[in-house]
Amino acid sequence: MGDAKMIDQRLLIRRRARAWLLLVLAAVVVLFAAARVSHVRLDWTEDGIYTLSESTRAILQQLDEPVMVHAYITEGLPQPYGRLQRFIEDMLMAYHEAGGGKFGYEMIDPASDANVAASLNAMQVPKVRVQVVENDQAQVKQGYLAIVIEYLDRKETIPVVQGEEGFEYLLTRKIKKLTGKGRGKVGVATGFGAPPLYQLHRLQQFAGDDYEFVSVEPGTRDIPGDVDVLIVGGLRQKPSQAFRYRVDQFRMAGHGLMVLAGNALPDLARGFRVQPVDVYANDWLASDLGVMVEPGLVVDRRATRVLVNQQQGMFMMRSAIDYPFVISATDLNGGHPVSRGMESLTLPFASPLNWTDRVKQGQVLARSSELSTVQSGPPFDVDPLQSIASRFEGVALQRSNLILAVDGEMKSAFSSAPQGWSEKHRHLARVNHGRLLVAGAPAMLDDEFLDGANTVFALNVLDWLAGDEGLIALRSRGVTDRPLANITQQARDAWKWLWMFGLPALVILTGLGRWWLLRRRLSGV
């Protein structure tokens with residue numbers, strides 16, 4: 001009798017489990033079907049890449065004339081391209097809904113019309129090549145993943161949509177370029193040892209759609225009035241009074257100024273070496289801008305890996321090492337538009353910065369970690385083969401400010417124009433809303449160090465200094481570089497034993513507990 005009762009209870013439990021399983025499967029099918037026919041989405045990503053940003057919505061609401069987007073997507077491409085097609089359609093629907101009738105779109109399969117494919121070829125839109133396995137054979141398929149945006153009589157093209165991350169920024173940027181007032185202008189100051197414009201080749205490539213770069217010589221001639229942002233990078237010698245005054249008046253006119261300054265500049269053509277700058281090259285920053293470049297170079301255990309050559313017997317080996325002079329700065333100001341949403345920056349051969357008493361509204365955008373110190377010099381010992389442990393042995397650790405910014409009222413460093421100065425320009429004594437950014441790493445915009453995060457930061461700086469912040473928050477979406485936290489050897493061993501033995505033990509105990517509960521239920525206890 002007892003055995004029969006136990007069997008009946010087992011059958012009842014099984015039936016209930018099957019009923020719940022069928023109910024859950026039915027609910028999943030219904031939800032999936034509803035999601036396929038509607039455009040309602042729940043965005044659980046950290047950066048909200050499936051949700052339109054406020055920047056995009058603001059740009060769409062300011063459209064004067066309709067924008068039409070043609071998405072040329074080849075049907076039947078394998079994953080992940082099939083999912084990408086659905087993502088593009090969902091995002092274009094979101095743009096359409098936010099555009100208030102001034103944003104239209106259509107999805108087109110180029111394979112369905114030979115004329116469409118011919119038009120794409122004429123626009124030099126390439127096909128993507130993907131490898132698929134069908135009927136136990138590896139095959140190569142070709143297709144299109146292109147976007148064409150039309151506004152009035154102008155067109156912009158996204159030849160290949162690479163993926164979901166960055167899609168909204170890329171599309172919104174193209175729309176903004178089509179509907180905007182043209183490119184801004186960035187001046188790069190030369191003279192007194194500053195690097196020439198051609199050394200910023202990669203920055204010009206990345207920012208060329210939005211800004212025109214020109215070379216200016218503040219030491220000998222006026223800065224053109226149509227320049228929106230001025231970059232003063234890596235002066236090796238003390239600048240002249242004319243240079244300082246023209247930069248000062250440029251700032252007082254409400255334009256943005258970016259200064260890259262430090263105690264040494266890398267000489268990568270000769271290996272891992274640096275060249276000290278003149279001891280008076282940075283004095284003008286304190287007197288004119290209220291920023292001091294303090295002595296020394298910052299070394300940080302939270303470093304970037306670099307490739308170095310090491311002699312191993314008769315052979316030359318190339319290995320990756322942590323180099324404390326190329327800092328991976330993760331202590332960033334999340335409240336400032338330039339660094340909001342960013343997680344790290346690469347700062348090579350950086351010098352510590354600080355404020356003078358003149359500055360009242362300054363903000364620190366980046367600092368070194370708690371595992372950093374300052375190496376005195378010159379001369380500076382930057383040998384990459386010296387062990388990190390020996391560099392930090394017996395030294396006091398201290399954080400250093402690496403990037404500073406000022407936004408607000410500013411006063412001129414000059415009470416009047418220098419003696420003998422031309423009177424064709426009126427002397428400006430103050431500006432109500434000026435913008436200044438000073439970075440202690442003179443080489444951070446050089447081609448060798450302009451990686452993904454540094455590129456985003458540089459573009460954010462240009463937009464912020466130019467007063468065009470529409471795409472800053474959007475650009476930082478999906479930029480992730482999250483180095484592991486430094487922990488002690490004891491903590492590392494504890495975590496290792498926990499995952500090796502603690503997790504299996506937890507699974508076994510959970511199974512035993514479940515088995516014991518079932519036994520009690522079946523026995524009727």
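Throughout, a residue's number is its position along its own chain's written sequence, starting from 1. In view of the model being predicted, local features appear only for residues whose pLDDT reaches at least 70, and side-chain atom pairs are presented and counted only at 80 or more, with totals across whole chains, interfaces and linings using the full set of residues. Excluding hydrogens and water, the side-chain values take into account all heavy atoms of the structure.

## Re the pattern of salt bridges
Salt bridges are defined by distance alone: a side-chain nitrogen of Lys or Arg within 4 Å of a carboxyl oxygen of Asp or Glu. One pass over the structure, following the stated rule, counts 19 salt bridges. Notably, a salt bridge pairs Arg 86 with Asp 90, separated by 3.7 Å at the nearest N-O pair. Of this pair, Arg 86 and Asp 90 are both found in helix H3 (residues 81-98), four residues apart, which corresponds to roughly one turn of the helix. With respect to burial, Arg 86 and Asp 90 carry one shared label: buried. Its salt-bridge partner being Arg 246, residue Asp 222 comes within 3.0 Å of it at the nearest N-O pair. Placement of Asp 222 in the loop between strand S8 (211-216) and strand S9 (229-233) and of Arg 246 in helix H7 (residues 241-252) is noted, with a sequence separation of 24 residues between them. Of the residues examined, Arg 246 reaches a relative accessible area of 14% and is grouped as buried. Taken together, the shared-partner salt bridges in this structure form one network comprising Glu 156, Lys 174, Lys 177 and Asp 209. Only DSSP runs of H or I reaching four residues or more are called helices, and only runs of E reaching two or more are called strands; each is numbered from the N terminus. The buried label goes to any residue with under 20% of its type's maximum accessible area, the exposed label to any with over 50%, and the partly exposed label to all in between, with areas taken from a 1.4 Å probe on protein chains only.

## A look at the packing of aromatic side chains
The geometry of an aromatic ring pair comes down to the distance between the two centres and the angle between the two planes. Each Phe, Tyr or Trp ring, with Trp reduced to its six-membered ring, pairs with another whose centre is within 6.5 Å; inter-plane angles below 30 degrees give stacked pairs, above 60 give edge-to-face pairs, and intermediate values give tilted ones. In total, this model carries eleven aromatic pairs according to the counting rule given. A centroid spacing of 5.7 Å and a plane angle of 55 degrees characterise the contact between Tyr 323 and Phe 325, whose relative ring orientation is tilted. Like Phe 325, Tyr 323 is buried. For the ring pair Phe 325 and Phe 349, a centre distance of 6.4 Å and an interplane angle of 20 degrees mean the geometry is stacked. Here Phe 325, found in strand S16 (residues 315-329), pairs with Phe 349, found in the loop between strand S18 (345-348) and strand S19 (353-355); they are 24 residues apart in sequence, far enough to count as distant. Note on accessibility: Phe 325 and Phe 349 belong to one class, buried. Taken together, the ring pairs connect Phe 272, Tyr 323, Phe 325 and Phe 349 into an aromatic cluster.

Interpretation note: all reported values are geometric properties and have no functional meaning in isolation.
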